[in-house]
Amino acid sequence: HGTGRGLEQQHQQQQHPPNNCDEAQPEDETAKPEDGQSPPLRQRHHLRNRMLLCLLAVAMNWGTTLRIAERFASDVIRVPSLDFATRTCAAAYNVTRDERSRYRWCVERELGRCDERLDGTIEEEDEVVRRA
């Protein structure tokens, strides 16, 4: 009867695989690559499939986001006509040119006053040095 029980246990183990994951899978599929060896074929296919799914997800996300952004921008932002843009730039240039000429006069006037005061101060200091 001892031999019968051993055969019965083997038969039950074959029908019900062990709960340990390492023992449940064949060696060649879960074996870790040793130095210089490539990973098992099944692991390479899983990695390739995951990479392809990630690439597809990124491409779909980018494509739909770009399409949504383009639609939003075209609905919200109105593109001005070339004539309007040219007139606006010309007006801005004229304002800038006028302001420059007005402030140039102001700066030159103040610079003149400053030079006069500096010259006066230098003469005063020269006089102080001569007296000393």
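This structure is a prediction, so every number in the text was calculated from the model and none was measured.

1. Digging into the overall build of the protein
Inference 1: Looking only at helices and strands, the protein features five helices and zero strands.
Inference 2: Counting from the amino terminus, the protein carries its helices and strands in the arrangement α-α-α-α-α.
Inference 3: Put simply, the protein shows about 13,000 Å² of open surface, and 58% of that area lies on carbon and sulfur atoms.

2. So, the pattern of salt bridges
A side chain with one charge may pair with a side chain of the opposite charge, provided their charged atoms come close.
Inference 1: Scanning the entire structure with this criterion turns up six salt bridges.
Inference 2: In this structure, the salt-bridge partner of R109 is E110, at a minimum N-O distance of 3.7 Å.
Inference 3: Here R109 falls in the partly exposed class, since its relative accessible area comes to 34%.
Inference 4: Put simply, E127 and R130 hold a salt bridge, and the shortest N to O gap is 3.4 Å. Of this pair, E127 and R130 both sit in helix α5 (residues 82–131), three residues apart, roughly one helical turn.
Inference 5: Of the residues examined, R130 reaches a relative accessible area of 62% and is grouped as exposed.

3. Side note on a negative patch on the surface
Inference 1: On the surface, D115, E116, D119, E123, E124, E125 and D126 cluster together into a patch of negative charge.
Inference 2: Note that E116 resides in helix α5.

4. Describing the confidence of the model for the protein
Inference 1: On average, the protein scores 78 in pLDDT, and the residues at 70 or more come to 68%.
Inference 2: Across the protein, element-level confidence peaks in α5 with a mean pLDDT of 93 and bottoms out in helix α2 (residues 21–24) with 46.
Inference 3: The low-confidence segment residues 20–30 (pLDDT under 50) makes eight contacts with residues lying over four places distant or belonging to another chain.

Parameters and conventions
- Position numbers for residues count from 1 along each chain, tracking the sequence in the order it is written.
- Two thresholds apply to this predicted model, a pLDDT of at least 70 for residue-level local features and 80 or more for giving and counting side-chain atom pairs, whereas whole-chain, interface and lining totals are computed over all residues.
- The basis for every side-chain value is the complete set of non-hydrogen atoms in the structure, without hydrogens or water.
- We count a stretch as a helix when DSSP gives it H or I for four or more residues in a row; a strand needs E for two or more, and each element gets its number in order from the N terminus.
- In these tables, accessible area is a Shrake-Rupley quantity obtained with a 1.4 Å probe, and a residue counts as shielded only by the protein chains included in the view.
- Salt bridge, as applied in this entry: a Lys or Arg side-chain nitrogen positioned within 4 Å of an Asp or Glu carboxyl oxygen.
- Relative accessible area decides the class of each residue, using a 1.4 Å probe on protein chains only: under 20% of the type maximum gives buried, over 50% gives exposed, and in between gives partly exposed.
- For patch detection, residues must exceed 30% relative accessible area and be free of salt bridges, and they are connected within 9 Å for like charges or within 5 Å for nonpolar side chains (Val, Leu, Ile, Met, Phe, Trp, Tyr).
- His is not counted here, nor are the chain ends, while Lys and Arg score as positive and Asp and Glu score as negative.
- Here the site of a charge means atom NZ of a Lys, CZ of an Arg, CG of an Asp or CD of a Glu.
- Residue-level confidence of the predictor is summarised by pLDDT, bounded by 0 at the bottom and 100 at the top.
- Contacts are assigned to residue pairs with any non-hydrogen atoms lying within 4.5 Å of each other.

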